[in-house]
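# Coordinate inspection notes
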Amino acid sequence: MAPTVKLAEYLFQRLVQLGIGSVHGVPGDFNLTLLDYVEPAGLNWIGNANELNAGYAADGYARIKGISALVTTFGVGELSAINAIAGAYAERAAVVHIVGTPPRSTQDGRVKVHHTFADGNFARFAEMAKHVTVAQASLRDPRSAPEQIDQILVQCLLHSRPVYIEVPVDLVRAPVLSGSLEKKLELPEAVWGSPQDDAISAVLEKVHSAKQPIILADGEIRAMGVVESLQELSKKTNWPTWSTGFAKGLLDETQKNFHGIYKGDWEEKNTRAFFEAADVVLCFGAHFSTTNSWGGTSLPDDKNTIYFSDTEIRIGKKTFRDVPARQVIPILLQRLDEGKIQRYEKYPELRQDQNVSVQDTNQDGPITQDKAWKVLATFMREGDIMMGETGTPGYGAREMRLPPNTRLFTPVTWLSIGYMLPAAQGAALALRDGGSVNLGHGKPGGRTILLIGDGSFQMTVQEIGTIIKHNLDVVIFLINNDGYTIERCIHGVKQAYNDVARWRYLESLSFFGAEKDAYTATAKTFGELGKVLADEKLSDGKGIRMVEVFMDKEDAPEGPLKDLMKAQLAKAKEA
């Protein structure tokens, strides 16, 4: 390796070393020279329709590949992406946001250049980024730039959250020392000692004495890097295991001791009674937003719960610091005394999700939300990614029983509608780039299946063109229920502001560049849906495929949305 490389070459070579195969973004005048070095580094450039979509796509890519990269221009470009970066921060997706900025001389001279407020202040946008990224770097000196880049990338991986790197135009070609590239970036580990042993001992004391222990997995287990070891723990103990919506699909749902998402107030009576009676709950990767915890009703009892996070174990009011779950669970598995733990000789009768064959529906009847999602679940197979957009698809997808080695994206915390379509582009691309459904532990090469409502689809529809341009394998089930049904559930069931324009959705494939023989279909009854799902052109085809599924605008999945809709309809009737 040459003793020096250009700064842009150093940055992109580091991304390649981290397993990134493609870079999302939009060209702009302050990042154009930077983009000249993307493809020579061996990276695929994905030009999105706009920066917001690019950010969503990078988020989806990161959740499958482990890390992703996004390049925007200064000011207008980065601010267009900041909503997506905020969502990645909230839900822990490791996105490297690279921003091309004006030359240092322009910034130092406080020139009233475009893409600014014409006041000479070039620091505003970086200040905004601080609130939605875990670390930031403003590259100003070629001597320190490699070290800054390395430190930022380590923080991105360590915390699984977005980071922000400013690259001034005049530094893109600046020579920097290349020696660091010969050593791969490594994540620091906690130094093990007596405090960590004390934490393990405290956990084992609780676990070995438990009479009714259970496991609750939440979605941050992906960011924590403990999916595989947690699966092993669930299998070894055979303890009843639940997930949240954020974690659904990360663990093997075909295991007999896996009982789907715990639904709190909407849970089946016997299952809820058992969950609430647990004397020890091992809770991993807690992310208890209201959406992810059924309005706060599915939370375990704090006094009986052992919480495992990136850096801590919490047992009641006692917190053990600097004890990362990634190191703890393998040790816990080694030290667990199988002769002392509860074995559940008579396993309790607990609810398990069951899918529905389309033959078990009224073939001539309309497609209704009480069965539609469990029917669509039968379309899934190993290696697939299912994406349920915020709205009825995201709630309905929670009812599915997934095959092993699959992933489900559902609404968790940020809930920016329109996210799932660009994220599907990113996820499908990540699969092509060598990613897999469980970050290296699943089966590669599956399909990306998108469930999205008509209102959300209209938000980010341009990414259909990106999917087609890069010939990605994406199956779209467009739920046409004539507007924002989730908003109707919350308020304004009869109000016009919850309506959307009535598009000819299936024609969008042609408009955005698909070949004339691209697969499209329509389903208005369960019988028609069954025929579509059985069509090998849909299930085994390539490229983009799209099915328009009609549902009633006042129908909602069982659970909180259904209850809200009933209340809204009753209110509307009284008015």
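For the structure given in this document, a descriptive report is provided here. Source: prediction; values computed, not measured.

### A word on the pairing of strand 2 (residues 22-25)
As a general feature of sheets, a regular strand has side chains that alternate between the two faces. The alternating pattern of strand 2 places Ser22 and His24 and Val23 and Gly25 on opposite faces, both of which are buried. In the sheet, strand 2 pairs with strand 3 (residues 44-47) via four bridges, with the strands oriented parallel. Bridging across to strand 3, Gly25 finds its partner in Gly47. Two strands pair when backbone bridges link them, and strand 2 and strand 4 (residues 68-73) are joined in this way by two bridges, in the parallel orientation. Across the sheet, Gly25 pairs through a bridge with Val71, a residue of strand 4.

### Concerning the packing of aromatic side chains
The final tally for this structure, using the stated rule, is 17 aromatic pairs. Here Trp503 and Tyr505 contribute two aromatic rings whose centre-to-centre distance is 5.9 Å and whose plane-to-plane angle is 35°, an arrangement assigned as tilted. The exposure class of Trp503 is partly exposed, given its relative accessible area of 34%. A relative accessible area of 2% means that Tyr505 is categorised as buried. Connected via pairs of aromatic rings, a cluster forms that spans Phe30, Phe74, Phe117, Phe122 and Phe125. Just above the ring of Trp294 sits the side chain of Arg398; from NZ or CZ to the centre is 5.1 Å. Directly above the aromatic system of Phe550 lies the positively charged group of Lys524, at a separation of 4.8 Å from the ring centroid.

### Regarding the packing of helix 8 (residues 194-209) against helix 12 (residues 325-335)
Helix-helix packing is characterised by the crossing angle of the two axes and by the distance between the axes. Put simply, helix 8 and helix 12 touch, their axes get as near as 11 Å, and they point 50° apart. As summarised for this structure, helix 8 and helix 12 are arranged oblique, according to the angle between their axes. Where helix 8 crosses over helix 12, the handedness of that crossing is right-handed. Across the interface between the two elements, Asp197, Ile200, Val203, Leu204 and His208 of helix 8 pack against Val328, Ile331, Leu332 and Arg335 of helix 12. Within the contact of helix 8 with helix 12, the residues separate by chemical class into six nonpolar, one polar and two charged.

### Section: the environment of Val227
When you line up the elements, Val227 lands in helix 10 (residues 227-237). Each C-alpha atom of the pair Val227 and Leu250 lies 6.7 Å from the other, and the pair is 23 residues apart in sequence.

Thresholds applied
- Residues numbered from 1 in each chain as written.
- Predicted model: local features only at pLDDT ≥ 70, side-chain atom pairs only at ≥ 80, totals over all residues.
- Heavy atoms only, no water.
- Buried < 20%, exposed > 50% of the residue type's maximum accessible area, 1.4 Å probe, protein only.
- Helix = DSSP H or I, 4+ residues; strand = E, 2+ residues; numbered from the N terminus.
- Pairing = 2+ DSSP bridges.
- Phe/Tyr/Trp six-rings, centres within 6.5 Å; stacked < 30°, edge-to-face > 60°.
- Lys NZ or Arg CZ within 6 Å of the ring centre and 35° of its normal.
- Axes fitted to C-alpha atoms, helices over the stretch in contact; angles between N-to-C directions.
- Parallel < 35°, antiparallel > 145°, perpendicular 65-115°, else oblique.
- Left-handed = near helix turned anticlockwise from the far one by under 90°.
- Contact = heavy atoms within 4.5 Å.
- Nonpolar A, V, L, I, M, F, W, Y, C, P; charged D, E, K, R; others polar.

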